[in-house]
Amino acid sequence: MFLIIAKYLIPKGYRGMAVFPFVLMKYPSDKKNEVLINHEKIHLRQQIELLILPFFLWYLIEYVVRLFQYKNADLAYHNISFEREAYQNEANMNYLKNRPFFRFVQYLNYK
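Residues numbered from 1 in each chain as written. Predicted model: local features only at pLDDT ≥ 70, side-chain atom pairs only at ≥ 80, totals over all residues. Heavy atoms only, no water.

A.B. asks: Please set out the sheet that holds strand E3 (residues 22-25) residue by residue, giving values where relevant.
C.D. replies: Taken in spatial order, the 3 strands of this open sheet run E1-E3-E2, and their pairing is mixed. Of all strands in the sheet, those with a lone pairing partner are strand E1 (2-5) and strand E2 (16-19), marking the two edges. Direction aside, the axes of adjacent strands within the sheet are offset by 20° on average. With 4 bridges connecting them, E2 and E3 associate as antiparallel partners. (Pairing = 2+ DSSP bridges. Helix = DSSP H or I, 4+ residues; strand = E, 2+ residues; numbered from the N terminus. Axes fitted to C-alpha atoms, helices over the stretch in contact; angles between N-to-C directions.)

Okay, here's the thing in structure tokens:
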């Protein structure tokens, strides 16, 4: 993992983004934010499992499906299976040590 400060590459309203093998952070102070870094590391693992490009295609398709489902961009984003897994486990610093392969699949069915 390579941690990079890239203020202008991060979309408005977000503080970090994972694009294998990089974790991009908006602010230098976020380099010390263990929870945010762990969240992005979970996304890196998901990307590796899906061989990177299919991760981004799945992410986009699921976002569009959730957008039609919820008719709200923020709600759609927070209900993408990849995001649900990352948000639910970001504070558990041991999560990736014990995480089963393809764990995000369990987060597909929601509301």
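Next comes the rest of the account.
A.B. asks: Tell me what's going on with the nonpolar core, and back it up with residues and numbers.
C.D. replies: Core analysis: the biggest nonpolar cluster contains 7 residues, these being Leu50, Phe55, Tyr59, Tyr77, Ile80, Phe82 and Phe104. Ignoring sequence-local partners within four residues, the contact set of phenylalanine 82 consists of His43, Gln46, Leu50, Phe55, Trp58, Tyr59 and Phe104. Counting 6 residues, the second largest nonpolar core, distinct from the first, contains Val23, Leu36, Ile37 and Leu44. (Core = buried A, V, L, I, M, F, W, Y, C linked by side-chain atoms within 4.5 Å. Buried < 20%, exposed > 50% of the residue type's maximum accessible area, 1.4 Å probe, protein only. Contact = heavy atoms within 4.5 Å.)

A.B. asks: Could you give me a rundown of the pairing of E3, with the residues and numbers involved?
C.D. replies: Two faces belong to every sheet, and in a regular strand the side chains alternate between them. As defined by bridge partners, E1 adjoins E3 across 4 bridges and the pair is classed as parallel. Residue pairing across strands places leucine 3 opposite valine 23, the latter belonging to E3. Linking E2 to E3, which pair antiparallel, is a turn of 2 residues.

A.B. asks: A description of the packing of aromatic side chains should follow, citing residues and the corresponding values.
C.D. replies: Tallied over the full model, the rule gives 12 aromatic pairs. Summarising the aromatic geometry, the rings of phenylalanine 2 and phenylalanine 22 are spaced 5.7 Å apart at their centres and angled 40° between planes, so their arrangement reads as tilted. With phenylalanine 2 in strand E1 and phenylalanine 22 in strand E3, this residue pair connects regions lying 20 residues apart in the sequence. Since its relative accessible area comes to 34%, phenylalanine 22 is described here as partly exposed. (Phe/Tyr/Trp six-rings, centres within 6.5 Å; stacked < 30°, edge-to-face > 60°.)

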